[in-house]
Amino acid sequence: MADTAEYTPPKVWTWNKGNGGQFANINRPIAGPTHQKELPIGKHPLQLYSLGTPNGVKVTIMLEELLAAGHKGAEYDAWLIKIGEGDQFGSGFVDINPNSKIPALVDRSGKTPIRVFESGAILVHLAEKFGAFLPTEQPARAETLSWLFWQMGATPFVGGGLGHFYAYAPIKIEYAIDRYAMETKRQLDVLDRQLAETEYVAGSEYTIADMAIWPWYGGLAKGWNYGAGEFLAVQDYKNLQRWADQIYSRPAVKRGRMVNRTSGDPETQLHERHDASDFDTKTQDKLAKA
């Protein structure tokens, strides 16, 4: 790899397949499927195809919260998409998300299946479908949507920026790490200041804004994401820490974080979820014993 201090971009960029660090095997500059593979379909109205990354966890938290609130129509099958193995480039997955990113949802509750991709769009779809976790009156609705879209717009600087250069890049580049650490800490401060004034991110009510923001910024606050807690001095954000703990204390959040999870303690991993009883019988520790 060329010394970054001496690198001069060429007139026309060309793809170097080996230049991508940990994810070089799945990164490519074109869209579309790489292979034919149909997606499985389960018994429930909602079919989720995902992985237990922060973006995937947003949706499983929402579904578990809906079920906890008594919305029986929110029963779902959660199928594991192994992005490290390229499942997101299968023809069936590309049909429901041409962007080949998790999560993707197919709502089969009506006559015509509805595909929904992008985690924020899925949260809004479910909130409007069940009339839950998204205020209907202004200004609370606008505040909730503003914070939801804040997360969607801000977090790429955390994941693709800090996360990549701090944890995954094949070389450590001081300029890149400093740049994205600064922006990440600015975002943490934005949240900390907001949560000094409100119980939840968008106000006094728990909403899809919290469900979207917590897997990313709650994970940072607790030191789970990228092993960067000490590096970012996350303990200094006292209001954020209070909120992160408050959200994690919710049973539905704990369950949502387990679904499609493939790392961590085996008892926290439920690779696929097809029934509420799976949390008691099909986590990886129990399957290993069986």
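Our structure's up above, just so we're on the same page.
Computed from a predicted structure; not experimentally measured.

So, how was this worked out
Residue positions are given per chain, counting from 1 as you read along its sequence in written order. It should be noted that, the model being predicted, local features are given only for residues of pLDDT at least 70 and side-chain atom pairs only at 80 or more, the latter also being counted only at that level, while totals for whole chains, interfaces and linings use all residues. Here the side-chain values reflect all heavy atoms present in the structure, with hydrogen atoms and water set aside. Helix and strand definitions follow DSSP, with helices as H or I runs of at least four residues and strands as E runs of at least two, each counted in order from the N terminus. Here a residue-residue contact requires only that any non-hydrogen atoms of the pair lie within 4.5 Å. Definition used in this section: a nonpolar core is a set of buried Ala, Val, Leu, Ile, Met, Phe, Trp, Tyr and Cys residues joined via side-chain atoms within 4.5 Å. To sort residues, take the accessible area from a 1.4 Å probe on protein chains only and compare it with the maximum for the residue type: under 20% means buried, over 50% means exposed, and anything in between is partly exposed. Here, any two strands with at least 2 DSSP bridges between them count as paired. Axes, fitted as lines to C-alpha atoms, cover a helix only where it is in contact. Angles between the N-to-C directions of the axes lie from 0 to 180 degrees.

A. Highlighting the side chain of Gln194. Mapped onto the secondary structure, Gln194 falls in helix α6 (residues 174-195). Residues within four places of Gln194 in sequence aside, it is in contact with Glu143, Trp147 and Val201.

B. Summary view of the nonpolar core. Grouped together as the largest cluster of nonpolar side chains are 60 residues, with contacts concentrated most on Met62, Leu126, Ile208, Tyr217 and Trp243. The dominant element in this core, judged by the number of residues it contributes, is helix α7 (residues 208-221), at 10 residues. Sequence-distant contacts of Ile208, that is, excluding residues within four places in its chain, are made with Met62, Leu123, Val124, Ala127, Phe133, Leu134, Thr144 and Leu148.

C. Structural detail: the environment of His71. Residue placement: His71 occurs in the loop between α1 (54-68) and β2 (76-80). The class for His71 is partly exposed, based on a relative accessible area of 23%. Residues His71 and Phe130, spaced 59 residues apart in sequence, show a C-alpha to C-alpha distance of 7.3 Å. Residues in contact with His71, not counting those within four places in the same chain, are Leu66, Phe130 and Ala132.

D. Here's a closer look at the pairing of strand β4 (residues 114-117). The pairing of strand β3 (residues 104-107) with β4 spans 4 bridges and is classified as antiparallel. Bridge pairing links Ala104 to Phe117 in β4. In textbook terms, the turn of a hairpin is the stretch between consecutive antiparallel strands, and for β3 and β4 this stretch comprises 6 residues.

E. Examining the sheet that holds strand β1 (residues 46-50) more closely. Pairing is mixed across the open sheet formed by 4 strands, whose spatial order is β2-β1-β3-β4. Each edge of the sheet is formed by a strand with only one pairing partner; in this case those strands are β2 and β4. Neighbour-to-neighbour, the strand axes of this sheet turn through a mean angle of 20 degrees, independent of strand direction. As defined by bridge partners, β1 adjoins β2 across 5 bridges and the pair is classed as parallel. Across the sheet, residue Gln47 finds its bridge partner in β2, namely Asp77.

F. Representation of the environment of Ala127. Among the structural elements, Ala127 can be located in helix α3 (residues 119-130). Linking Ala127 and Ile171, residues 44 residues apart in sequence, is a C-alpha distance of 42 Å. With sequence-adjacent residues up to four places away left out, Ala127 is seen in contact with Met62, Ala132, Leu134 and Ile208.

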